[in-house]
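Okay, here's what each chain looks like letter by letter:
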Amino acid sequence: MSQSGCPVGDRILVGYILPEKKVKNSENDDSDWEDDDDEEEEEEAQPEFLDMKEMDSVSSGGHVFNSSVPGRNEVDFLDSVSGKRCRVLGRFSLKDPWWEATCTARVARGKLVLRGYPAYRLRSDLQGDPEHSVLSLFLTACGVDSQFVVPFFAWLPMGRKVEFANLQEVLAEFEEGEQHRALAQQIKALVSVSVAGMRVAAASLYPHVMRYLPTLLPGRFTELLSRGKKSPKHPAAQGATQIEGEEEDLSLLAKIEEMIKTDVWKLGFNYVMYKELKVVHCEAQLRSFHECKLFQEIPLKQCNALRVYDSLKNHCNRTGSTYMELPTLCDEVRRGCSSVVEVEVWDAVHFLKELGVVVRDRQKVALQNLHSYETGIAECLRCLVQEEPWVIPLDVIEVLTASALQRLRKKGGDGWSREDQGEVDSDAERKANELNERCDMVGSAAETDRTSTAVRTASGASVPDHIKPGPAPTDQGPPPPVDLDPDQGPPVDLDPDQGPPVDLDPDQGPPVDLDPDQGPPVDLDPDQVRAAEMICFNPVTVISGKGGCGKTTVVSLVFKAALQQSPEKEVRKACWDFENDSLGSEAWEEAEALEDEALSKSLLSQLEGEVKDEKKLSSWVLQGEDEVLLTAPTGRAASLLTKRTCFKAYTLHQVVWSFMQAKKDPSGAPEEWKFACVRVLVVDEGSLVCVQLLHSVLTMLTKHAQLRKFVILGTFVF
């Protein structure tokens with residue numbers, strides 16, 4: 001039974017779903033018809049998280065609706081035109097028998113398969129139901145007990161017409177009787193607060209919503225229907241003005257109803273929906289306008305704007321880019337619709353720019369939300385860079401060498417004895433001393449080269465990438481301190497038991513390469529050394545490399561070693577360095593010249609007290625693991641990161657979700673947030689992170705935590 005306006009072989013069904021005890025779920029049946037709809041389901045099922053602006057909007061009265069595409073089910077359908085009963089497979093948002101559904105179906109493997117989504121309206125043929133079975137089912141769905149339903153239908157006068165449109169009127173008549181008043185009030189209250197009752201009330205007020213919204217917004221239709229209903233006309237509350245009452249009357253569904261009648265194209269743009277209706281993450285797809293036959297009713301300019309917007313979104317989703325070149329965009333749009341000329345594409349881009357949907361920079365066209373995320377990320381990083389530098393006092397050569405030696409010791413069965421393992425330590429120390437002597441002979445040229453690659457401190461002085469140690473320790477007395485210029489920033493933490501560090505310019509190749517005859521070599525990767533130094537000195541560090549090159553290992557070693565440093569040890573080291581600094585203050589040199597022990601101890605005690613100041617000390621060392629936040633884009637990546645680093649790692653979604661669930665003060669700041677102490681953010685697999693998530697997490701930690709360092713790892717193409 002082919003209908004006009006439908007493809008050959010398709011049928012238009014008008015009827016309702018018969019109630020049945022069990023509904024067969026056919027997700028795994030007949031894969032022939034699943035291809036088109038699976039793509040829709042996957043697109044709607046994407047996890048959605050709000051950015052900071054959207055969170056503020058929701059907290060101040062905005063709307064956010066969970067996306068839930070109805071599942072594919074096989075139902076008994078009674079065709080009102082033919083009077084025949086048939087089995088139909090499809091996605092039905094509403095399956096109750098009081099809904100009349102109009103849908104297009106095709107025959108596949110002897111079954112009727114639904115195309116797209118049905119349009120709905122309330123049934124108006126209840127006169128043929130003398131037993132009021134449909135109304136009885138409706139009242140039961142509203143929570144009305146059968147002992148209330150039976151007296152109501154017993155009271156109903158013979159021949160009294162009862163439909164959903166006049167149900168409230170009939171209940172008001174039922175309430176007039178003294179003996180039925182309490183019963184009628186109970187039924188009215190249950191109907192008004194139930195989901196079924198609100199859906200029926202909304203359907204009687206907004207027919208265009210019922211007809212088009214199941215196709216335009218299939219994942220949000222049922223929730224909009226349940227939450228968007230308000231009484232269309234009711235007196236304003238006592239003390240409220242008439243204007244306030246009128247504003248309350250204009251519900252969300254009423255606005256959408258009016259939008260469908262006048263400017264339905266606005267439903268296709270998330271930014272417009274957010275700006276006009278305060279609805280977050282809610283927009284119709286281009287194909288949805290075609291399916292419900294509304295696209296041909298939209299003006300040409302808006303039609304082209306929808307085409308351009310759809311092409312731009314698909315390109316960004318497919319390539320991971322945040323913009324598109326205008327000539328490429330023109331070709332893409334014309335590939336989808338050959339009747340569109342290039343000038344019309346330019347006009348559509350200009351129209352979208354005026355709406356605020358896209359941002360254009362010369363020949364580049366970017367989506368407004370993606371552009372705002374990128375600029376927001378840049379602003380967060382600018383704030384980190386402009387703050388007073390936080391330099392982690394860590395000898396990275398010592399840390400990486402110790403880790404390499406530990407790995408070698410674990411290879412006890414690789415052909416060398418424990419005596420050989422002991423020789424590695426002494427040989428490493430000997431080679432380090434030799435390398436330091438060679439570096440001393442380089443003279444001022446090498447020093448100038450190292451100084452040119454220094455990181456600038458807050459005071460304007462330079463901290464060299466490698467700090468030259470003093471002579472090797474002897475058996476008599478404590479080891480000599482590091483000869484460090486006090487103007488060059490905080491000292492490097494040197495453990496006296498570990499011997500002097502290796503002074504290495506990263507351009508000179510691997511730092512320590514032991515003689516093979518003396519045992520297994522300790523060969524440090526200069527890139528890993530440089531990466532560790534950058535983490536310690538720089539507020540923002542980007543580490544790129546293929547899988548297995550040691551990115552995660554370097555990060556883990558740096559922050560493990562930083563956490564193992566005790567504040568008291570750093571204070572003693574700072575005092576020791578200051579006491580033996582050849583470029584120290586004039587007051588200290590005068591004290592040495594006078595050999596005044598009392599004054600020396602007094603100055604040392606005064607310096608120690610200053611360094612123990614809480615603010616200065618907290619800027620030197622990490623106080624606990626909760627100050628280091630390791631994240632990854634997926635749960636599996638976060639689990640692997642936890643195993644490799646021994647730090648608790650989280651997904652970026654968990655960080656955003658924890659912020660959304662945290663209790664907020666009147667200003668919007670979280671009162672008790674588990675990540676409020678974070679000073680270091682590490683993002684692994686950064687090349688897989690979307691800009692929205694990264695922007696949200698950086699904004700949260702910058703505004704509501706103590707973020708000072710940001711490290712991102714991944715395989716990037718520069």
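Sequence order sets the numbering: in each chain, residues are counted from 1 along the sequence as written. At least 70 in pLDDT is required for a residue's local features to be given in this predicted model, at least 80 for side-chain atom pairs to be given and counted, and no such filter applies to totals for whole chains, interfaces and linings, which use all residues. Hydrogens are left out, water is left out, and the side-chain values use all remaining heavy atoms of the structure.

## Some points on the overall build of the protein chain
At step 1: When helices and strands are counted, the protein chain shows 29 helices and 18 strands.
At step 2: Only protein chains enter the accessibility calculation, which uses a 1.4 Å probe. A residue is then buried if its area is under 20% of the maximum for its type, exposed if over 50%, and partly exposed in between. Residues counted as buried form 47% of the 718 residues belonging to the protein chain.
At step 3: Any two residues having at least one pair of non-hydrogen atoms within 4.5 Å are treated as being in contact. Contacts spanning at least 24 positions in sequence make up 68% of the contacts within the protein chain whose residues lie at least 6 apart.
At step 4: Working definition of accessibility: Shrake-Rupley area with a 1.4 Å probe, residue cover restricted to the visible protein chains. Of the roughly 36800 Å² that the protein chain leaves accessible, carbon and sulfur atoms contribute 50%. We count a stretch as a helix when DSSP gives it H or I for four or more residues in a row; a strand needs E for two or more, and each element gets its number in order from the N terminus.

## Observations regarding the sheet that holds strand β11 (residues 364-367)
At step 1: Sheet architecture is open: 3 strands sit in the order β9-β11-β10, paired in antiparallel fashion. The outermost strands of the open sheet, each flanked by one partner alone, are β9 (323-325) and β10 (358-361). Ignoring strand direction, the axes of neighbouring strands in this sheet form an average angle of 25 degrees.
At step 2: Note that β10 and β11 share 4 bridges and pair antiparallel. Looking at β11, one finds that Val 359 is bridged to Ala 366.
At step 3: Helix axes are fitted only over the stretch in contact, all axes being lines through C-alpha atoms; the angle between N-to-C directions runs from 0 to 180 degrees. Contacts from helix α15 (residues 326-336) reach β9, β10 and β11 within the one sheet, and its direction differs from that of β9 by about 85 degrees. Pairing between two strands is assigned when DSSP locates at least 2 bridges connecting them.

## Remarks on the environment of Pro 118
At step 1: Within the secondary structure layout, Pro 118 lies in strand β7 (residues 111-122).
At step 2: Between the C-alpha atoms of Pro 118 and Thr 215, which are 97 residues apart in sequence, the distance is 7.3 Å.
At step 3: Setting aside its immediate chain neighbours within four residues, Pro 118 contacts Arg 91, Phe 92, Ala 101, Thr 102, Cys 103 and Pro 214.

## A look at the pairing of strand β18 (residues 709-714)
At step 1: The buried count for β18 comes to 6 of 6 residues, which makes it a mostly enclosed element.
At step 2: In terms of strand pairing, strand β14 (residues 540-544) meets β18 through 5 bridges, oriented parallel. By the bridge assignment, Val 540 is partnered in β18 with Phe 710.
At step 3: Inspection of the sheet shows strand β17 (residues 680-683) paired to β18 by 4 bridges, in the parallel sense. Across the sheet, the residue bridging to Val 682 is Val 711, located in β18.
At step 4: Throughout, right-handed denotes a crossover for which the path from the first strand over the helix to the second runs clockwise when the strands point away from the viewer. Each parallel crossover has a hand, and for β17 linked through helix α29 (residues 691-704) to β18 it is right-handed.

## Comments concerning the sheet that holds β18
At step 1: In spatial order, the strands read β14-β18-β17-β15-β16; together these 5 strands make up an open sheet with parallel pairing. Whereas interior strands pair on both sides, the edge strands pair on one side only; in this sheet they are β14 and β16 (649-651). When strand polarity is set aside, the average angle formed by the axes of neighbouring strands in this sheet is 20 degrees.
At step 2: As judged from the 4 bridges shared by strand β15 (residues 628-632) and β17, these two strands associate in the parallel manner. Counted as the bridge partner of Thr 631 is Val 683 from β17.

## Side note on α29
At step 1: Relative to the 20 Å expected for 14 residues at 1.5 Å per residue, α29 spans 19 Å between its end C-alpha atoms, a close match to the ideal helical length.
At step 2: Among the 14 residues in α29, 10 count as buried, and that is most of the element.
At step 3: All of the buried residues in α29 are Gln 692, Leu 693, Leu 694, His 695, Ser 696, Val 697, Leu 698, Thr 699, Met 700 and Leu 701. What a helix should span is 1.5 Å times the count of its residues minus one.

## Remarks on unusual backbone geometry
At step 1: Here Lys 293, not a glycine, exhibits a phi torsion of approximately 60 degrees, which is positive.
At step 2: As for its position among the elements, Lys 293 is in the loop between α13 (286-291) and α14 (300-319).
At step 3: Its relative accessible area of 45% is what places Lys 293 among the partly exposed residues.
At step 4: Even without glycine at this site, Arg 362 takes up a positive phi of about 55 degrees.
At step 5: By the secondary structure assignment, Arg 362 is in the loop between β10 and β11.

## Digging into the packing of aromatic side chains
At step 1: Within 6.5 Å between ring centres, the rings of Phe, Tyr and Trp (the latter by its six-membered ring) count as paired, and their orientation is classed by plane angle as stacked under 30 degrees, edge-to-face over 60, tilted in between. What the rule picks out here adds up to 14 aromatic pairs.
At step 2: Ring centres 5.3 Å apart and planes at 70 degrees place the aromatic pair Phe 152 and Phe 174 in the edge-to-face group. Residue Phe 152 is located in helix α4 (residues 146-155), and its partner Phe 174 is located in helix α5 (residues 167-176); the two are separated by 22 residues in the primary sequence. Each member of the pair Phe 152 and Phe 174 is classed as buried.
At step 3: Here the aromatic rings of Phe 659 and Trp 673 are separated by 5.2 Å at their centres, their planes lie at 80 degrees, and the arrangement is edge-to-face. Pair noted here: Phe 659 is in helix α28 (residues 652-661) and Trp 673 is in the loop between α28 and β17, with a separation of 14 residues, a long-range link. With respect to class, Phe 659 is no different from Trp 673; both count as buried.
At step 4: The lysine or arginine in question, Lys 278, covers the ring of Tyr 274, its NZ or CZ lying 5.3 Å from the ring centre. By definition here, charges over rings are those cases where NZ of Lys or CZ of Arg is within 6 Å of the ring centre and within 35 degrees of the ring normal.

## Remarks on the confidence of the model for the protein chain
At step 1: For every residue, the predictor reports its confidence as pLDDT, a number between 0 and 100. Mean pLDDT for the protein chain: 75, with 68% of residues reaching 70 or above.
At step 2: When mean pLDDT is compared element by element in the protein chain, β17 scores highest at 95, while strand β12 (residues 455-456) scores lowest at 32.
At step 3: Here residues 22-45 is a poorly scored stretch, pLDDT under 50, and it has 48 contacts once near neighbours within four places are set aside; other chains count.
At step 4: This model gives residues 434-520 a pLDDT under 50, and the stretch forms 147 contacts once residues within four places in sequence are excluded.

## Concerning the packing of α4 against helix α6 (residues 181-193)
At step 1: One way to put it is that α4 packs onto α6 with a least axis distance of 11 Å and a crossing angle of 115 degrees. Crossing of α4 over α6 shows left-handed handedness. Within the contact between the two elements, α4 uses Phe 148, Pro 151 and Phe 152 and α6 uses Leu 183, Gln 186 and Ile 187.
At step 2: Under the scheme applied, nonpolar residues are Ala, Val, Leu, Ile, Met, Phe, Trp, Tyr, Cys and Pro; charged residues are Asp, Glu, Lys and Arg; polar residues are all the others, including Gly. In the contact of α4 with α6, the residues fall into 5 nonpolar, 1 polar and no charged. Left-handed describes a crossing in which the near helix is turned anticlockwise from the far one by less than a right angle; the clockwise case is right-handed.

## Digging into helix α18 (residues 396-410)
At step 1: Counted at 1.5 Å a residue, the expected span for α18 with its 15 residues is 21 Å, and the 21 Å between its end C-alpha atoms agrees.
At step 2: When α18 is considered as a whole, its buried residues turn out to be Val 396, Ile 397, Glu 398, Val 399, Leu 400, Thr 401, Ser 403, Ala 404, Leu 405 and Leu 408.
At step 3: We call two N or O atoms a polar contact when they sit within 3.5 Å, provided that within protein one can donate a hydrogen and the other can accept it, with sequence-adjacent residues counted only if both atoms are side-chain atoms. N-cap assignment for α18: the residue whose side-chain oxygen lies 3.3 Å from the backbone N of Ile 397 is Asp 395.

## Some points on a nonpolar patch on the surface
At step 1: Excluding any residue in a salt bridge, patches collect residues exceeding 30% relative accessible area, merging like charges within 9 Å and nonpolar Val, Leu, Ile, Met, Phe, Trp and Tyr side chains within 5 Å. Think of a salt bridge as a Lys or Arg side-chain nitrogen and an Asp or Glu carboxyl oxygen that are within 4 Å of each other. A contiguous nonpolar patch, built from Val 341, Val 343 and Trp 346 and spanning about 260 Å² of accessible area, is present on the exposed surface.
At step 2: By secondary structure assignment, the location of Trp 346 is in helix α16 (residues 342-355).

## With respect to the pattern of salt bridges
At step 1: Overall, the coordinates contain 20 salt bridges when judged by the stated rule.
At step 2: For the salt bridge of Glu 74 with Arg 87, the shortest nitrogen-to-oxygen distance reads 3.5 Å. In this pair, Glu 74 sits in strand β4 (residues 72-79) while Arg 87 sits in strand β5 (residues 85-91), placing the two residues 13 residues apart along the sequence.
At step 3: On the basis of relative accessible area, Arg 87 is assigned to the partly exposed category, the value being 30%.
At step 4: Residues Glu 163 and Lys 161 are paired through a salt bridge, measuring 3.9 Å at the closest nitrogen-oxygen approach.
At step 5: Accessibility expressed as a relative area gives 13% for Glu 163, which makes it buried.
At step 6: For Lys 161, a relative accessible area of 44% corresponds to the partly exposed category.

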